[in-house]
Each structure stands twice: as structure tokens, then as C-alpha cells.
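# Structural characterization, general
Spelled out, the chains give:
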Amino acid sequence: MADDPPPIITEIDANYKERFSQLGKKFQSKYDCEPVFFARAPGRVNIIGEHIDYCGYGVLPIAIDQDIVIAVRQTDDDTLYLSNIDDKYSDYKCNVKDFEINKDQPDWHNYFLCGLKGIMELLSLENPVGMQCMVDGSVPSSAGLSSSSALVCCAALCTMQANGKSWTKKELADMCAQCERYIGTIGGGMDQAISFMAQPGMAKKIDFNPLRQTNVALPDGVSFVISNCCVEKNKAASSDFNTRVVECRLASQVLAKMKGFEWREMKRLADLQTKLNVGLQEMENVVKECLHESQYTKAEICDVLGVTADILATTSLSPNTLHVENFCLYQRATHVYSEARRVEDFQNVCIERPTDAAIKLGELMNGSFESCSKLYECSCPELDQLVAICRKHGAIGSRLTGAGWGGCAVSLVPNDKVTEFLDGVKQSYYIPRGLESKVNNALFVTKSGGGAAVYIP
Ligand SMILES: Nc1ncnc2c1ncn2[C@@H]1O[C@H](COP(=O)(O)OP(=O)(O)OP(=O)(O)O)[C@@H](O)[C@H]1O
Ligand SMILES: CC(=O)N[C@@H]1[C@@H](O)[C@@H](O)[C@@H](CO)O[C@@H]1O
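Presented here is an overview of the structure given in this document. (Residues numbered from 1 in each chain as written. Chains lettered and ligands numbered in written order. Predicted model: local features only at pLDDT ≥ 70, side-chain atom pairs only at ≥ 80, totals over all residues. Heavy atoms only, no water.)

This part covers the site of ligand 1. Taken together, 21 residues lie near ligand 1, and Asn 84, Ser 146, Ser 147, Ser 148 and Lys 235 sit nearest. A distance of 3.0 Å separates an oxygen atom of ligand 1 from a polar atom in the backbone of Ser 142. One of the side-chain nitrogen or oxygen atoms of Ser 148 is found 2.7 Å away from an oxygen atom of ligand 1. Computed on the free molecule, ligand 1 has an accessible area of 650 Å², of which 94% lies beneath the protein chains in the complex. Taken together, the elements giving at least two residues each to the shell around ligand 1 come down to helix 2 (108-122) and helix 3 (147-162). Broken down by element, the residue count for the shell around ligand 1 peaks at 3 residues, all from helix 3. A class-by-class count of the residues in the shell around ligand 1 yields 9 nonpolar, 9 polar and 3 charged. (Near = heavy atom within 4 Å. Polar contact = N/O pair within 3.5 Å; in protein donor to acceptor, adjacent residues only side chain to side chain. Areas by Shrake-Rupley, 256 points an atom, 1.4 Å probe, with all protein chains shown as cover. Helix = DSSP H or I, 4+ residues; strand = E, 2+ residues; numbered from the N terminus. Nonpolar A, V, L, I, M, F, W, Y, C, P; charged D, E, K, R; others polar.)

Next up on the list: the site of ligand 2. Near ligand 2, the surroundings consist of 16 residues, among which Arg 44, Glu 50, His 51, Asp 53 and Asp 191 are the closest. In this structure, an oxygen atom belonging to ligand 2 sits 2.6 Å away from a side-chain N or O atom of Glu 50. Here an oxygen atom of ligand 2 and a backbone polar atom of Gly 188 are 3.1 Å apart. Burial of ligand 2 by the surrounding chains reaches 99%, relative to a free accessible area of 370 Å².

With that settled, the discussion passes to the pattern of salt bridges. Under the criterion given, the structure shown has 23 salt bridges. Across the pair Lys 30 and Asp 91 runs a salt bridge whose closest N-O atoms are separated by 2.4 Å. One end of the pair, Lys 30, is in helix 1 (residues 14-31); the other, Asp 91, is in the loop between strand 4 (79-84) and strand 5 (92-95), and 61 residues separate them in sequence. The class for Lys 30 is partly exposed, based on a relative accessible area of 41%. With its nearest N and O atoms 3.9 Å apart, the salt bridge here joins Glu 325 to Lys 298. Of this pair, Glu 325 sits in the loop between helix 10 (309-315) and strand 11 (326-327) while Lys 298 sits in helix 9 (residues 298-305); the two residues are 27 residues apart in sequence, bridging distant segments of the chain. Judged by relative accessible area, Glu 325 falls into the partly exposed class, the value being 45%. Judged by its relative accessible area of 10%, Lys 298 falls in the buried class. The network of salt bridges with common partners includes Arg 19, Arg 40, Asp 67 and Asp 136. (Salt bridge = Lys/Arg side-chain N within 4 Å of Asp/Glu carboxyl O. Buried < 20%, exposed > 50% of the residue type's maximum accessible area, 1.4 Å probe, protein only.)

Bringing the packing of helix 6 (residues 240-258) against helix 9 into the picture now. At a minimum axis separation of 9 Å, helix 6 and helix 9 run at an interaxial angle of 35 degrees. Taken as a pair, helix 6 and helix 9 cross one another with a handedness that is left-handed. Of the residues in helix 9, those touching helix 6 at Leu 250, Gln 253, Val 254 and Lys 257 are Ile 301, Val 304 and Leu 305. A class-by-class count of the residues in the contact of helix 6 with helix 9 yields 5 nonpolar, 1 polar and 1 charged. (Axes fitted to C-alpha atoms, helices over the stretch in contact; angles between N-to-C directions. Left-handed = near helix turned anticlockwise from the far one by under 90°. Contact = heavy atoms within 4.5 Å.)

Okay, structure coming up:
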């Protein structure tokens, strides 16, 4: 499956017909011609395994129905024309062979350009055709449901299809994980992997280096409910995300040095575990023994590693974290190793299916949230309040999902409590904050949807 290319379909589901038809009409009125094909890539909700993909550890997401759809027609003038049905995203035009991705100003078109550049550079496409594109997105933006990667993956899929090429889902997922970094965020590969490799009705355990996927059947009798705290956080517009990536890298390097390994080779906390050849619980003990809980200053890290600040900038930092002076190594590494263990435990409960499976999964989700909020510090007051409200109204487990600092929580709710849960969360979170008009798009039950595809009418 993952070794097949994304499917090309000629019949679409009745649910999508109206949306694709409206998008086709918008395309027609903008470009005065009809689109030749549509590409679709879904967003995702990560059930468990937060901020560990870029450390080399497996995660457990599902694709959601919300997606990015792009209507496309090839042109013969070497120009990329981008338009969006949402007016807040301005039109954009550039030469397909000569453009720049602006990391300082992560405007929406830069995400499309990441997908385009990825296909061109990483897969040696020398003469890409021009394209007219009309984009329609339904993934809430900057809310932890991976709107940016859905756009990058969809742009890559458009470019591949428009140029008559074909690569497998796995190749595309790997390539898109690399190319989203052109915008500056040093993400892992979770979002792009699930966007291409998702299967309806299945969660996926995604492992990395090399990219692998395993189906995970979620237990019956429970639903996953998404609730958006309505605080937006754009990952590329601040250094918070990359600071976490760098703290994990520094933790692996400091630990490697203390254990007598060549620390410069160490990029991920999982690499250190491989070197030490011990289990995850033991890695938590290694962190306890070797690192201190108070923050590390840059000077102290340089001292431990025996390098100058200039050298450290090249071995360990990213352009947008050069200014950071203090790093929390103990807390970040403890989160990563314990979260990796929770993902393994979650997968095992799904396989073994004990009678109290839902309770056990809920406990793991709650543990994940405590770790994200306290050790990884990637929540925010509104998300903390929302998670507490979700638990109060019947969630067996509730946690932030995606990068955090805002955005969504995912809750595990028994099927017979879902109606009560939705009403309780609406009354307790959305109405008192004047967010009633947003409830329909912000609070919903989700199921695992399908992966990216091309539709030729
Ligand atoms: N429908 C859309 N049309 C155009 N651009 C979009 C659309 N949806 C999202 N984007 C772009 O993606 C950006 C959001 O990306 P960001 O990485 O901050 O969040 P995310 O991917 O939604 O969240 P996370 O990675 O935490 O799951 C928006 O600021 C916008 O530039
Ligand atoms: C594209 C991108 O950077 N995605 C990252 C994803 O890889 C993962 O690290 C997640 C937190 O678990 O935060 C973002 O969504």
C-alpha cells in the first residue's frame, strides 16, 4: 500500500461532489477555463506521541476528513498562479523555475512553494510545467491539525500529477517531510506520512528512519472528539517549535559526551538510546542521573561539550534559535523518553484489548498531556482549561494534539456519553468565551479518514 502511488480516482464520494463542483466553478471564473484535475491531502489528529517524531520515535495519528483540495490546470508559460477561495489568502504568481521561499514571512504561498521545490529538487524535475491552481482548505489553520503539511503534501501531489510523474506514498511522504523544512521549521515526518499513507478506519503507528507504518485498530465503543481552544499558533512565525527541537538535540549531545560517545554525530535522542542499547525506562534513568533540572546556559553547554558558542551554532542550533541563551534539557528529554514509552504502551493495549482497554488508553493520553504541559511546556492556559473541561464532561482521556501552544485537544469519550460531552464542553468552554459562532467547526467527533488522492473528473 505505502509502496503504491497515491490513487487516481475518477468517481468521487457523494459527500465531496458539491465541494469539488463549487471549487471547479471558482476556478473557471478565475482562470476562464476548467481544471484538469483535483488533488486532495488530509490533515491529521495525533492520538498520542507528541514532539517525539523529530527525536526519532514512533507516533500514532489518524487522518481526519478536513483537508486541502487544489483544482489544477497545466499552463505553457512557466508560471505558477495561486489563488484561494478564502480571501484572507492573497493571490500569488511566480516563475516555476525561479522563486524563493521566504522563511521570515511564512505567507501561505510559501507552503505551496515547499511542495513544488521538494518535487523539483529532491526528485530532479528539471522542467516543471506552469500551473493554474485554486486552493480550498477545511483544516482549521494553526490549530494542531496539520493544515500546513496538508497544503505542502497537496502542492507536491499537484506538481507530480501536472508533470506526469509518479512516486509512491512513502517516497512522497519522506520528500514532503524534508521539503516543509524549507519554511524553517525542523519538524519530524508524522504529518506528511499520515497525509499520504492513511487508510479509512485505521490509526497508524508511524516509525521513522526508515519510514514505516503499521495499522492500529482502535477499540470499539469509544469516539475521538476534537475541540479547538481557538488560540492560533503559527509554528514558522516564532522560534518556540525549533527551540524544542534544539533542546532535544542538545540533550542528546550532552548525554552522549557524558557517556563517552562522539557527541557531534548525535542528532536525536533515539540515536543515543540505540548507542546505549537499553530500554526507554532506562533512558529516563540516564536522564535523571546525568542532567540537572535547572536550566542549562549556553556557556555551560559549551563548557561541557568543549566548544565555543560559534561552533555550537553550527553543530547544534538553527538560524532562528541562535539568540536562545537558556535550555531545559532534563525536562525535554524526560518528556521524549516517557512519551515514546506511552506510544508503545498505547499500541500494546490496542493489540491486547484488555477489558479495561479504554480506561488504560485514557490514562496514557492524560499522562501525555501532563508531560506536554509541564515538562515540554507546549500548552497554553486556554488549552489547559479546555482539557480540564473535557475531562470534567466525560472524557476518559484528553490531551493537546499537534505542536501545541494553542489549537486543539483530542479526547477519548465513550460513545454513549458523546452527546452529553459535546453539550457540556460547549456550555463550559465556548459560550462563556463568546465563541458560540465557532462551535460547529471547533468541536466535533472525528474518525480515521483516507489519505491523499488525485481526482480526474
Ligand atoms: N486553507 C489554507 N489555505 C492556504 N494556506 C493555508 C490554509 N490552511 C493553512 N494554511 C497555511 O498554513 C499555516 C499554518 O501552519 P502551522 O504550521 O502554523 O499550523 P498547522 O499545520 O495547522 O498546525 P500543526 O503543525 O501544529 O498541526 C497558515 O498560517 C497558512 O499559511
Ligand atoms: C510540519 C511539522 O513541523 N509538523 C510537526 C510534527 O512533525 C510534530 O513534531 C508535531 C508535534 O508532535 O508538531 C508539528 O505538527
